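# Overview (structure and organization)
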There are 2 protein chains.
Amino acid sequence: MIMRALRVKNGELGMKDVPKPECNENEALIRVETAGICATDIEIVKGYMNFQGTLGHEFVGIVEECDAMPGLIGQRVVGEINSACGHCDACRNDLPRHCPNRDVLGISGRDGAFAEYLVLPAWNLHVVPDEVNNNSAVLIEPLAAACEILEQFHLSPSTPVLLIGDGKLAHLIARAMTRSFCLVEVVGRSESKVRRMKGHISKGYLNASPPGQKYPVIIEASGSPSGWRTAMKAIQPQGTIILKSTYSSTLKFNPAPLVVNEITVIGSRCGPFKPAITALNTGLKVDDIIDEEFDISNWEAAFKKAQEPDTLKVLFRFQKS
Amino acid sequence: MIMRALRVKNGELGMKDVPKPECNENEALIRVETAGICATDIEIVKGYMNFQGTLGHEFVGIVEECDAMPGLIGQRVVGEINSACGHCDACRNDLPRHCPNRDVLGISGRDGAFAEYLVLPAWNLHVVPDEVNNNSAVLIEPLAAACEILEQFHLSPSTPVLLIGDGKLAHLIARAMTRSFCLVEVVGRSESKVRRMKGHISKGYLNASPPGQKYPVIIEASGSPSGWRTAMKAIQPQGTIILKSTYSSTLKFNPAPLVVNEITVIGSRCGPFKPAITALNTGLKVDDIIDEEFDISNWEAAFKKAQEPDTLKVLFRFQKS
């Protein structure tokens, strides 16, 4: 059977006819219902990770085949995006998301979610509670990435935190922080996107008028090298910068200020899904960050919309064929 | 009264006649007996910190004047090099070494120790126990910087640690780690300097044959941008790089690997003197890293010797005039 898939090849994005994927004994075949465009997808098209294949890693879908766990068939699921080998040092040390042999859905070595079907190991899947709608479920992956900060670092509620960035991930981070009793201040580039954070932050600044004070904790999620420079300016001595941004470009960097001011930098990537699912199932609302939904056939308009300065989240919706 | 001082001006080092310094009511006048050349001194001559004045921040000397604490007069002392304002946010939060108004002996805003006399606030001084000789006492400042790692980070004894660097500071770090039950592996550039670490490390590598394995903790104290690159290659996912190197040059840097591999980077600078003094007073030997002592009049030969690839520590000795 042939299916449609939105694939990247040498920096060109295009819709292709490809065979419907087949799953091995440990994997599940999932019919995608909804998928989200992430900033990483846009960076990948620019060359980040040098990925060639079907793009997309945020999805919710229905399991159609699964020999390993037949109970999953028919269930609505989301999936952790790192597929680990299960037997290396990292895997044996409970770090499957850091398995050096891993592939990553739609990012490295495995075709992604901007297609009618995808395949993932059965143990990567989480059943979505009925109370969580598709437009929230598709945000579980980035919400888990936001919650990873809480896994890595003890953020006490009274610590002043500056969040750099006003994009999709920054919005989810602000909500994860607020839920953890920590109301962050935000510096962003889009007036409307900062305004849309209202109720989830204590203060918003535009880059044109960044805060003058210093912060003991800064979360850099701007997705741009300028965010690093803002962080270095606003961090207190012995402060901690949590780094979420990945981009294809390089920045010039002298480590001396890190040493002299004894700054800690913590790189932070994907997180475990369970806390994110629990949060959505106990009252956290996130789906108001979605601006527009497109049929996958309308992918050019969707990517255009996703890259407009005031856009937060754009989704693909798949019709059951 | 006129004294001799080794001063840096626009990147030129030279011996000058300058007035003997005068101390205010909170300061002490110290006659320098011994001073050490640090890698930072060499970087300062290259332009680091853009410092103009008398160089030198590692010293041991005798207090000659001290209105604030007359009991110090005649005592042999070492001194913490950061002079804080005492009333800013950092000072009130017990971070005087990070006071934004601070001066730093021989590094920023205060004439240093390569002179017959220096002046420091009385509360910066620590009396040296009789059991600790001058050649060990002059190493208290860099040993405190080595111990700062233990202040910042819990290093469990069974954690494999890679130390990058084989210079003066790296030698002191290796000893501080060993004393903390943590036998590090070392990658260095000089065969003789790595060999001289014997008894204080578990394994030594030369840059030509760096270790193939990965480490959960890396201490980067090479003083060179190549050390950063070695660290990024050898760090485990979710590992910690403790950054000690400061240099005047810039490196090109893409933060994505920090984020993807969730690396923590901890900048580490000066440490409190007390643990270092206690260690020297309870059996830690460090003075065998000293290669040669010079009279201050022979400063050109001393700086030449200090920059030879196989040299560790070079000292200045001052004759009582």
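Attention now goes to the environment of A:N207. Residue and element names in this part refer to chain A. Within the secondary structure, N207 is located in the loop between β14 (203–206) and β15 (215–220). C-alpha separation for the pair N207 and R189, spaced 18 residues apart in sequence, amounts to 5.5 Å. With sequence-adjacent residues up to four places away left out, N207 is seen in contact with V187, G188 and R189.

Moving on, we come to the side chain of B:E220. Residues and elements named next belong to chain B. Mapped onto the elements, E220 comes out in strand β15 (residues 215–220). Although E220 is buried, it makes no salt bridge; R189 carries the closest opposite charge, 8.3 Å away. A distance of 2.9 Å separates the side chain of E220 from the side chain of S245, its partner in a polar contact. Setting aside chain neighbours within four positions, we find E220 in contact with I164, G227, W228, A231, I241, I242, L243, K244 and S245.

Take the relation of the copies chain A and chain B next. If you rotate chain A by 180° and push it 0.0 Å along the axis, it lands on chain B with an RMSD of 0.0 Å. Viewed as a symmetry operation, the transformation between the two copies matches a two-fold axis. Mapped onto chain B, 100% of the interface residues of chain A again fall at the interface, so both copies present the same surface.

A few words on the interface of chain A and chain B. Taken together, the contacts link 35 residues of chain A with 35 residues of chain B. Buried surface at the junction of chain A and chain B, both sides included, amounts to about 3,000 Å², of which 60% is carbon and sulfur. Three residues stand out in chain A for area buried against chain B, namely A:H98, A:V259 and A:E262, and they jointly supply 20% of the buried area on that side. Inspection of the region where chain A meets chain B yields nine residue pairs in polar contact (both at pLDDT 80 or more). Of all the secondary structure elements, the ones that give two or more residues to the side of chain A that touches chain B are α4 (140–152), β16 (235–243), β17 (251–253), α8 (256–260) and β18 (264–267) of chain A. Split by residue class, the side of chain A that touches chain B holds 16 nonpolar, 13 polar and six charged. By the bridge criterion, three bridges tie β17(A) to strand β17 (residues 251–253) of chain B in an arrangement that is antiparallel. Of the residues in β17(B), the one forming a bridge with A:K252 is B:K252.

The subject of this paragraph is the environment of A:E300. The topology assignment puts A:E300 in helix α10 (residues 299–306). Separated by 286 residues in the primary sequence, A:E300 and A:G14 place their C-alpha atoms 8.8 Å from one another.

Moving on, we come to the sheet that holds strand β4 (residues 53–54) of chain A. All names here are of chain A. Taking strand neighbours across the sheet as the criterion, the three strands line up as β2-β1-β4 in an open arrangement whose pairing is antiparallel. Here the strands that pair on one side only, and so sit at the sheet edges, are β2 (12–19) and β4. Pairing of strand β1 (residues 2–9) with β4, which is carried by two bridges, proceeds in the antiparallel orientation. By the bridge assignment for β4, V8 is matched with G53. The sheet contacts of α10 involve β1 and β2, and relative to β2 the element is tilted by about 140°.

Residue and element names in this part refer to chain B. Taken as a whole, this structure holds two cavities of 30 Å³ or more when the rule is applied. Every residue along the wall of the second largest cavity is listed here: H57, E58, F59, V78, G79, A137, I140, E141 and F273. At the level of elements, β5 (58–66), β6 (76–79) and α4 (140–152) are the ones that each hand at least two residues to the lining of the second largest cavity. For the lining of the second largest cavity, the residue count by class is five nonpolar, two polar and two charged.

What follows covers the confidence of the model for chain A. Per-residue confidence for chain A averages 94 on the pLDDT scale, and 99% of its residues sit at or above 70. Model confidence for the complex is summarised by a pTM of 0.87, with the ipTM given as 0.81.

Now for the domain arrangement of chain A. Residue and element names in this part refer to chain A. Each domain of chain A was delimited in the assignment, giving domain 1 (2–139 + 286–317) and domain 2 (145–267). For domain 1 versus domain 2, the separation of C-alpha centres amounts to 27 Å. For the pair domain 1 and domain 2, the two sides together bury roughly 1,400 Å², of which 50% comes from carbon and sulfur. Summed over the three residues of domain 1 that lose the most area to domain 2, namely Y48, I289 and L312, the buried surface amounts to 38% of that side. Counting across the interface, domain 1 meets domain 2 through three salt bridges. Salt-bridge contacts for R97 lead to E148; the nearest nitrogen and oxygen are separated by 3.7 Å. Summed over the shared surface of domain 1 and domain 2, the result is eight residue pairs in polar contact (both at pLDDT 80 or more). For the side of domain 1 that touches domain 2, the element with the most residues is helix α1 (residues 39–46), which contributes four residues. Here the residues of the side of domain 1 that touches domain 2 sort into ten nonpolar, two polar and seven charged.

Here we come to helix α7 (residues 225–234) of chain A. Along α7(A), the positions that sit buried rather than exposed are A:P225, A:G227, A:W228, A:A231 and A:A234. Residues of α7(A) that are buried make contact with β12 (161–164), β15, β16, β17 and β18 of chain A.

Below, the discussion takes up the pairing of β15(A). Residues and elements named next belong to chain A. Counting buried positions along β15 yields five of six residues, so the element is predominantly enclosed. The sheet contact formed by β12 and β15 spans four bridges and is parallel. Paired with L162 across the two strands is I218, which belongs to β15. As paired strands, β15 and β16 are joined by five bridges and run parallel to one another. Paired with E220 across the bridge in β16 is L243.

The subject of this paragraph is the pairing of strand β12 (residues 161–164) of chain B. Residues and elements named next belong to chain B. Alternating residues of β12 divide into V161 and L163 and L162 and I164, and every residue in both groups is buried. Of the pairings in the sheet, the one linking β12 to strand β13 (residues 185–188) comprises three bridges and is parallel in character. Bridging from a neighbouring strand, L163 pairs with V186 of β13. Handedness of the crossover joining β12 and β13 through helix α5 (residues 168–179) is recorded here as right-handed.

With that out of the way, let us pick up the packing of aromatic side chains. For the structure shown, the criterion picks out six aromatic pairs over all chains. For the ring pair A:F114 and A:F316, a centre distance of 5.0 Å and an interplane angle of 80° mean the geometry is edge-to-face. Taken together, the positions of A:F114 in the loop between β9 (109–110) and β10 (117–121) and A:F316 in strand β20 (residues 313–317) put the pair 202 residues apart, joining distant regions of the chain. A single burial state applies to A:F114 and to A:F316, both of which are buried. A connected cluster of aromatic rings, assembled from ring pairs, spans A:F114, A:F303 and A:F316. When the ring centre of B:Y117 is taken as origin, the NZ or CZ atom of B:K20, which lies over that ring, is 4.4 Å away.

Reading the values: rules and limits
- Residues numbered from 1 in each chain as written.
- Chains lettered and ligands numbered in written order.
- Predicted model: local features only at pLDDT ≥ 70, side-chain atom pairs only at ≥ 80, totals over all residues.
- Heavy atoms only, no water.
- Helix = DSSP H or I, 4+ residues; strand = E, 2+ residues; numbered from the N terminus.
- Contact = heavy atoms within 4.5 Å.
- Buried < 20%, exposed > 50% of the residue type's maximum accessible area, 1.4 Å probe, protein only.
- Lys, Arg positive; Asp, Glu negative; His and termini not counted.
- Salt bridge = Lys/Arg side-chain N within 4 Å of Asp/Glu carboxyl O.
- Polar contact = N/O pair within 3.5 Å; in protein donor to acceptor, adjacent residues only side chain to side chain.
- Least-squares fit on C-alpha atoms with pLDDT ≥ 70 in both.
- Buried area = accessible area lost by both parts, 1.4 Å probe.
- Nonpolar A, V, L, I, M, F, W, Y, C, P; charged D, E, K, R; others polar.
- Pairing = 2+ DSSP bridges.
- Axes fitted to C-alpha atoms, helices over the stretch in contact; angles between N-to-C directions.
- 1 Å grid on protein atoms, 1.4 Å probe; cavity = no way out; pocket = protein on both sides within 12 Å on 5 of 7 lines; lining within 4 Å.
- Points joined across faces, edges and corners; volume = space filled by probe spheres on them.
- pLDDT = per-residue confidence, 0-100.
- Domains from an automatic or database assignment.
- Right-handed = clockwise from strand over helix to strand, strands pointing away.
- Phe/Tyr/Trp six-rings, centres within 6.5 Å; stacked < 30°, edge-to-face > 60°.
- Lys NZ or Arg CZ within 6 Å of the ring centre and 35° of its normal.

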